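Observations on the three-dimensional arrangement
For reference, the chains in residue letters:
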Amino acid sequence: MAITVRTATATDALPVTLLSRQSFLDTFAAFNTEEDMQLFMEGNFSQENLLAEFEQPEYLFLVAEENNALLGYAKLVLNATHDGMLPPPAIEIARIYAAKAAIGKGVGRALMLACLQTAKQQHYTTIWLGVWEKNERAISFYRQFGFEKFGEHPFVLGRDVQTDWLMKRTV
């Protein structure tokens with residue numbers, strides 16, 4: 001695949017929103033009740049909320065494409081810190097999502113490399129993320145890039161309180 005990664009623009013908001021919703025369902029529906037998934041999708045992942053994220057100056061979106069077709073995206077949160085985070089300034093990878101058909105084809109790698117490059121170019125010293133403790137594939141992927149667990153925090157999906165690992169690395 002000839003994957004390119006670029007900074008998203010306002011015209012990417014709707015396709016990224018649709019990919020967000022579908023990717024989240026594809027990845028987590030089998031592990032959660034339909035009710036909890038529905039509550040989460042209606043709240044945090046409503047189309048309205050996701051589109052509004054593109055308007056927020058603290059968010060930076062990167063999109064991965066092949067032949068102008070959206071394969072995945074990353075959402076970075078600028079100047080995002082968390083307890084146990086040393087040294088600042090820090091940037092968070094809030095999401096790296098790929099279309100189901102693109103998983104395992106280098107989309108995540110291309111996005112991660114772009115996130116690390118962005119962090120370096122913007123002079124961040126730490127990059128971090130949260131990942132569901134049972135998402136072994138994602139945890140293994142992040143470890144390949146040098147991320148190490150530094151804590152945990154609750155993640156509420158619908159009414160179910162789950163645990164996310166917090167992972168970080170130096171830029």
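Before reading further, recall that the structure is shown in the block above.
Residue indices begin from 1 for each chain and proceed along its sequence in written order. Per-residue local features are limited, in this predicted model, to residues with pLDDT of at least 70; the limit for side-chain atom pairs, both in listing and counting, is 80 or more; totals at the level of whole chains, interfaces and linings are taken over all residues. To obtain the side-chain values, all non-hydrogen atoms of the structure were used and water was disregarded.

1. A word on the packing of helix H1 (residues 13-28) against helix H2 (residues 34-42)
With their axes 12 Å apart at the nearest point, H1 and H2 run at an angle of 160° to one another. The angle between H1 and H2 places the two elements in the roughly antiparallel class. Once H1 is placed against H2, the crossing between them reads as right-handed. Listed contacts from H2 to Arg-21, Phe-24, Leu-25 and Phe-28 of H1 are Met-37, Phe-40 and Met-41. Residues are grouped as follows: nonpolar covers Ala, Val, Leu, Ile, Met, Phe, Trp, Tyr, Cys and Pro; charged covers Asp, Glu, Lys and Arg; every other residue, Gly included, is treated as polar. Taken together, the residues of the contact of H1 with H2 break down into 6 nonpolar, no polar and 1 charged. Here an angle of 0 to 180 degrees is reported between the N-to-C directions of two axes, which are lines fitted to C-alpha atoms, with helices fitted over the stretch in contact. We count a stretch as a helix when DSSP gives it H or I for four or more residues in a row; a strand needs E for two or more, and each element gets its number in order from the N terminus. Roughly parallel covers angles under 35 degrees, roughly antiparallel covers those over 145, roughly perpendicular covers 65 to 115, and oblique covers all other angles. Note: crossing handedness is left-handed where the near helix turns anticlockwise from the far helix by less than a right angle, and right-handed where it turns clockwise. In what follows, a contact means two residues having at least one pair of non-hydrogen atoms within 4.5 Å.

2. Points about the sheet that holds strand E3 (residues 69-77)
Within a sheet, adjacent strands bond to each other through the backbone by hydrogen bonds, running parallel or antiparallel. The 7 strands are arranged E1-E2-E3-E4-E5-E7-E6 in an open sheet whose pairing can be described as mixed. Only two strands of the sheet have a single partner each, and these edge strands are strand E1 (4-7) and strand E6 (148-157). Strand-to-strand, the axes of this sheet are offset by a mean angle of 30°, without reference to chain direction. Pairing of strand E5 (residues 126-132) with strand E7 (residues 160-170), which is carried by 7 bridges, proceeds in the antiparallel orientation. Two strands pair if DSSP finds at least two bridges between them.

3. Quick word on the pattern of salt bridges
For this analysis, a salt bridge means a side-chain nitrogen from Lys or Arg found within 4 Å of a carboxyl oxygen belonging to Asp or Glu. The full count for this structure, using the stated rule, is 6 salt bridges. With a shortest N-O distance of 2.4 Å, Arg-159 and Glu-35 are connected by a salt bridge. Here Arg-159, found in the loop between E6 and E7, pairs with Glu-35, found in helix H2; they are 124 residues apart in sequence, far enough to count as distant. Here the term buried applies to any residue with accessible area under 20% of the maximum for its type, exposed to any over 50%, and partly exposed to those in between, with areas from a 1.4 Å probe on protein chains only. The class of Arg-159 is exposed, set by a relative accessible area of 60%. For Glu-35, a relative accessible area of 48% translates into the label partly exposed. Each of Arg-6, Asp-12 and Glu-65 takes part in salt bridges that share partners, so that together they form one network.

4. A short note on the packing of aromatic side chains
Only Phe, Tyr and Trp rings are paired, with Trp represented by its six-membered ring, and only when their centres lie within 6.5 Å; those with planes under 30 degrees apart are stacked, over 60 edge-to-face, the remainder tilted. Evaluated as defined, the whole model comprises 15 aromatic pairs. Relative to Phe-150, the ring of Trp-128 lies with its centre 6.4 Å away and its plane at 80°, an arrangement referred to as edge-to-face. One end of the pair, Trp-128, is in strand E5; the other, Phe-150, is in strand E6, with 22 residues separating them in the sequence. The class for Trp-128 is buried, based on a relative accessible area of 4%. Look at Phe-141 and Tyr-142: their rings are 5.5 Å apart centre to centre, the planes differ by 65°, and that puts the pair in the edge-to-face class.

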